[in-house]
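# Architecture at a glance
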Amino acid sequence: MEADPSGGHRARKRFSQNFLHDAHYIGRIVDAIAPRPDDRLLEIGPGLAALTAPLLERAGELTCVEIDRDLAARLRTRFARAKFTLIEADALALDWPALAQADPRPLRIVGNLPYHISTPLLFALMPVAERVRDQHFMLQKEVVDRMAAAPGSDDYGRLSVMLQWRYAVTRLFVVPAGAFTPAPQVQSAIVRLVPRPVADLPQVDTARFAQVVAAAFGQRRKTLRNALGAVLDEAGIRAAGVDPQARGETLGVDDFVRLAQQ
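Bear in mind that the values here come from a model prediction, so they are computed numbers and not experimental data. (Residues numbered from 1 in each chain as written. Predicted model: local features only at pLDDT ≥ 70, side-chain atom pairs only at ≥ 80, totals over all residues. Heavy atoms only, no water.)

### Structural notes on the packing of aromatic side chains
Applied cut-off: For Phe, Tyr and Trp, rings pair up if their centres lie within 6.5 Å, where Trp contributes its six-membered ring, and each pair is then called stacked (planes under 30 degrees apart), edge-to-face (over 60) or tilted (otherwise). Partly exposed residues are those whose accessible area sits between 20% and 50% of the maximum for their type, while under 20% is buried and over 50% is exposed, using a 1.4 Å probe and protein chains only. The helix count covers DSSP runs of H or I at least four residues long, the strand count covers runs of E at least two residues long, and both are numbered beginning at the N terminus.
For the structure shown, the criterion picks out four aromatic pairs. Taken together, a centroid distance of 5.1 Å and an interplanar angle of 40° make the contact between Phe79 and Phe84 tilted. Here the two residues Phe79 and Phe84 agree in accessibility, since each one is buried. A ring pair is formed by Tyr156 and Phe217, whose centres lie 6.1 Å apart and whose planes are at 75°; its orientation type is edge-to-face. Of this pair, Tyr156 sits in the loop between helix H6 (141–148) and helix H7 (158–166) while Phe217 sits in the loop between helix H8 (206–216) and helix H9 (224–227); the two residues are 61 residues apart in sequence, bridging distant segments of the chain.

Okay, structure coming up:
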């Protein structure tokens, strides 16, 4: 009889729990992350430790963030003799700047992110990008498509621009629903985010940049002249070298930077 991949734990819908169990995809994901000894590796949502165990074996140490108290208890028991640190908390509520600064080594963040917190968590991690080497996440394929989308595509939007401004975003591969227990109703995908060096980032006020991007995509059918009316007039749009009749989904990240600088 095949072993129960859930280990007897009943997946909790409120935490969007779907546990990866397929050895082929576990191996591909760990190989993509390529942990090295003494990496400062942090995993969000370890769950039943499908990725945790091989990551810990290859890196030698690991910090995990787990919100489910039952799973946290299992993890403490299973890895009691390893160089393993468990933070029992909601990843969205963590003080990420304090955590990032607690060790001089850059963070490498990984995780099978719960679908209902994936986008807010991606934004919550942006302020610590300077202290991060890379991030590898498993997310709903639809979200990854939006993250990596190019201007002019249907998937291109606020998430695309904000993340591509700060990171090099690479979609790696799709993970089918059957690789999980219980199987979700959607496909998943692995994405790699590598922060751009601070010296290479354009000089722009982050809050203004975010405001311009949000306004441009607030109503996708609107032209920039109408969408940005509350933050930038037509003359300012033209001064940025952008056509006021264009729509947000046609602009590249550099266009939004120039608009924010205006």
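Alright, that's what it looks like, and here's the rest.
### Regarding the pairing of strand E2 (residues 40–44)
Let me state the cut-off plainly: Any two strands between which DSSP finds at least two bridges are classified as paired. With strands facing away from the observer, any crossover in which the path from the first strand over the helix to the second runs clockwise is taken as right-handed.
Taken across its five residues, E2 has five buried, putting it largely inside the fold. Strand direction decides the pairing type here: E2 and strand E5 (residues 107–112), joined by five bridges, are parallel. Within the sheet, the bridge partner assigned to Leu42 lies in E5 and is Ile109. Pairing of E2 with strand E3 (residues 62–66) involves three bridges; the strand directions are parallel. Directly across from Ile44, in E3, lies its bridge partner Val65. Since E2 and E3 lie parallel, the crossover through helix H2 (residues 52–59) that links them has a hand, and here it is right-handed.

### Concerning the nonpolar core
Spelled out, the test is: What is meant by a nonpolar core is a set of buried Ala, Val, Leu, Ile, Met, Phe, Trp, Tyr and Cys residues, joined one to another through side-chain atoms within 4.5 Å. Contacts are assigned to residue pairs with any non-hydrogen atoms lying within 4.5 Å of each other.
Formed by 55 residues in total, the largest nonpolar core has its most connected members in Trp96, Phe137, Met147, Phe209, Phe256 and Leu259. With residues near it in sequence (within four places) discarded, Phe137 still touches Ile44, Ile109, Val110, Gly111, Leu113, Leu122, Leu125, Ala189, Ile190, Val191 and Leu193. Counting 27 residues, the second-largest nonpolar core is a separate cluster that includes Leu41, Leu51, Phe79 and Phe173.

### Here's the deal with the pairing of E3
Where burial is concerned, most of E3 is hidden: five out of the five residues are buried. Of the two faces of E3, the one holding Leu62, Cys64 and Glu66 and the one holding Thr63 and Val65 are both buried throughout. Across five bridges, E3 lies against strand E4 (residues 84–88) in parallel orientation. In the strand pairing of E4, Glu66 is matched with Glu88. Read from E3 through helix H3 (residues 69–78) to E4, the crossover connection turns out right-handed.

### As for the side chain of Ser160
What counts, and what does not: Any pair of N or O atoms that falls within 3.5 Å is considered a polar contact. Within protein, one atom must be able to donate a hydrogen and the other to accept it, and sequence-neighbouring residues count only if both atoms are side-chain atoms.
Inspection of the secondary structure assignment puts Ser160 in helix H7. With a relative accessible area of 0%, Ser160 lands in the buried category. Engagement of the side chain of Ser160 in a polar contact is seen with the backbone nitrogen of Gly157, the distance being 3.0 Å. If we skip the residues at most four places from it in the chain, Ser160 touches Arg146, Met147, Ala149 and Asp155.

### Considering the confidence of the model for the chain
Inclusion rule: Per residue, pLDDT measures the predictor's confidence, with a range of 0 to 100.
Residues of the chain with pLDDT of at least 70 account for 94%, and the chain-wide mean is 90. Low pLDDT (under 50) marks residues 1–6, which in the prediction has five contacts with non-local residues, meaning those over four places away or in another chain. Counting contacts from residues 11–15, a segment whose pLDDT is below 50, to residues more than four positions away or on other chains yields 11 contacts.

### As for unusual backbone geometry
Trans peptide bonds make up most of the peptide bonds, and negative phi angles are found at most residues other than glycine. With a phi angle near 75°, Asp38 is a residue other than glycine that sits in the positive phi range. Inspection of the secondary structure puts Asp38 in the loop between helix H1 (23–33) and E2. For Asp38, a relative accessible area of 55% corresponds to the exposed category.

### A closer look at the sheet that holds strand E9 (residues 188–195)
For the record, the criterion: Only the stretch in contact is used when fitting a helix axis, every axis being a line fitted to C-alpha atoms; angles between N-to-C directions are given from 0 to 180 degrees.
As summarised here, the arrangement of the seven strands in space is E4-E3-E2-E5-E6-E9-E7, forming an open sheet in which the pairing is mixed. The open sheet terminates on both sides in strands that have one partner only, identified here as E4 and strand E7 (167–175). Between one strand axis and the next, the sheet turns by 20° as a mean value, whatever way the strands run. Sheet strands in contact with helix H5 (residues 118–125) are E2, E5, strand E6 (132–140), E7 and E9, and its direction is about 175° off that of E6.

### A few points about the pattern of salt bridges
Selection rule: Salt bridges, as used here, are contacts in which a Lys or Arg side-chain nitrogen is within 4 Å of a carboxyl oxygen on Asp or Glu.
Applying the stated criterion to the full structure yields 14 salt bridges. With a shortest N-O distance of 3.0 Å, Arg105 and Asp103 are connected by a salt bridge. The partner of Glu234 in a salt bridge is Arg225, and the shortest N-O contact between them spans 3.7 Å.

### Observations regarding the environment of Ala210
With respect to the helices, strands and loops of the structure, Ala210 is situated in helix H8. Ala210 sits 25 residues away from Gln185 along the chain, and the two C-alpha atoms are 32 Å apart.

### Regarding the environment of Asp233
Tracing the backbone shows Asp233 in the loop between H9 and helix H10 (234–239). C-alpha separation for the pair Asp233 and Pro244, spaced 11 residues apart in sequence, amounts to 9.0 Å. Looking at Asp233, its side chain comes within polar contact range of the main-chain nitrogen of Gly236, at 2.7 Å.

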